[in-house]
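Chain and residue survey
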Amino acid sequence: MQIGEVAERTGLSLRTIRYYEEVDLVVPSARSQGGFRLYTEPDVQRLDVIKRMKPLGFQLEEMRELLGILDALSAGDDPDRDKHLDRLSGFWTAADERCQQLRAQLRIAEDFATTLRSHLPSN
């Protein structure tokens with residue numbers, strides 16, 4: 001599929017997808033004869049992983065490392081499997097902690113919105 005369809009499916013902008021290509025987080029699987037980027041389903045799934053890491057504050061290097069680990073583990077014959085699984089566990093712990101922090105921030109924001117609403121006249 002072309003970059004426009006990928007952008008629509010992932011909710012990422014064309015610019016963001018191109019940026020992720022520039023920093024080697026995702027590489028189109030092929031190019032058309034006209035030079036258009038062509039993506040496969042695994043490319044879209046990779047972009048989805050990146051998209052979900054972003055709000056958790058993961059840096060580009062961390063994204064690159066995690067994607068490399070996921071690639072190695074999915075290849076099947078990973079000589080560093082135990083090392084990769086250990087590191088993957090660290091990423092899970094970091095993601096879980098960041099989710100907890102975001103939930104706490106959301107509770108604070110919801111409390112604030114409720115406070116503001118309480119000052120408005122009833123309808």
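Residues numbered from 1 in each chain as written. Predicted model: local features only at pLDDT ≥ 70, side-chain atom pairs only at ≥ 80, totals over all residues. Heavy atoms only, no water.

Remarks on helix α3 (residues 41-53)
Along an α-helix, residues three or four positions apart point the same way, because every turn accommodates 3.6 residues. Given a rise of 1.5 Å per residue, 13 residues ought to cover 18 Å, and the 19 Å separating the end C-alpha atoms of α3 matches this to within 8%. Asp43, Val44, Leu47, Val49, Ile50 and Met53 are the residues of α3 that are buried. Contacts from the buried residues of α3 go to α1 (3-10), α2 (14-22), β2 (37-38) and α4 (60-75). (Helix = DSSP H or I, 4+ residues; strand = E, 2+ residues; numbered from the N terminus. Expected span 1.5 Å × (residues − 1). Buried < 20%, exposed > 50% of the residue type's maximum accessible area, 1.4 Å probe, protein only. Contact = heavy atoms within 4.5 Å.)

Brief notes about the UniProt feature "domain: HTH merR-type" (unreviewed entry) in the protein
The sites that carry the UniProt feature "domain: HTH merR-type" (unreviewed entry) are, in the present numbering, residues 1-69. The span residues 1-69 is 58% helical and 6% strand by assignment, and the distance between its end C-alpha atoms comes to 25 Å. (UniProt positions renumbered as here; feature names shortened; annotations may be inferred.)

Let's talk about α4
The end-to-end C-alpha distance of α4, which contains 16 residues, comes to 22 Å, matching closely the 22 Å that a straight helix rising 1.5 Å per residue would cover. Of the residues making up α4, those classed as buried are Met63, Leu66, Leu67, Ile69, Ala72 and Leu73. If you follow the buried residues of α4, they end up packed against α3 and α5 (81-118). Gly76 sits one or two residues past α4 and shows a positive phi near 95 degrees.

Quick word on the environment of Ile69
Of note, Ile69 is situated in helix α4. Residue Ile69 is classed as buried on the basis of its relative accessible area, which comes to 4%. Each C-alpha atom, one on Ile69 and one on Val49, is 12 Å from the other, the two residues being 20 residues apart in sequence. Ile69 has contacts with His84, Arg87, Leu88 and Phe91, leaving out every residue within four places of it along the chain.

Topic: the packing of α3 against α4
Packing of α3 against α4 brings their axes to within 11 Å, and their N-to-C directions diverge by 140 degrees. Between α3 and α4, the angle is such that the two are oblique. Here the hand of the crossing between α3 and α4 comes out right-handed. Contacts between α3 and α4 involve Arg46, Val49, Ile50 and Met53 from the former and Glu62, Met63, Leu66, Leu67, Leu70 and Asp71 from the latter. Residue composition of the contact of α3 with α4, by class: seven nonpolar, no polar and three charged. (Axes fitted to C-alpha atoms, helices over the stretch in contact; angles between N-to-C directions. Parallel < 35°, antiparallel > 145°, perpendicular 65-115°, else oblique. Left-handed = near helix turned anticlockwise from the far one by under 90°. Nonpolar A, V, L, I, M, F, W, Y, C, P; charged D, E, K, R; others polar.)

Examining unusual backbone geometry
With a phi close to 65 degrees, Asp24 is a non-glycine residue in the positive phi region. Relative to the helices and strands, Asp24 resides in the loop between α2 and β1 (30-31).

Observations regarding the environment of Glu97
Tracing the backbone through its elements, the reader meets Glu97 in helix α5. Since its relative accessible area comes to 45%, Glu97 is described here as partly exposed. Linking Glu97 and Asp82, residues 15 residues apart in sequence, is a C-alpha distance of 23 Å.

Focus: the packing of α1 against α3
Axis separation between α1 and α3 bottoms out at 10 Å; the angle between their running directions is 45 degrees. Taken together, the axes of α1 and α3 lie oblique to each other. In this structure, the crossing between α1 and α3 has a hand that is right-handed. Seen from α1, the contacting residues are Val6, Arg9 and Thr10; seen from α3, they are Glu41, Val44, Leu47, Asp48 and Lys51.

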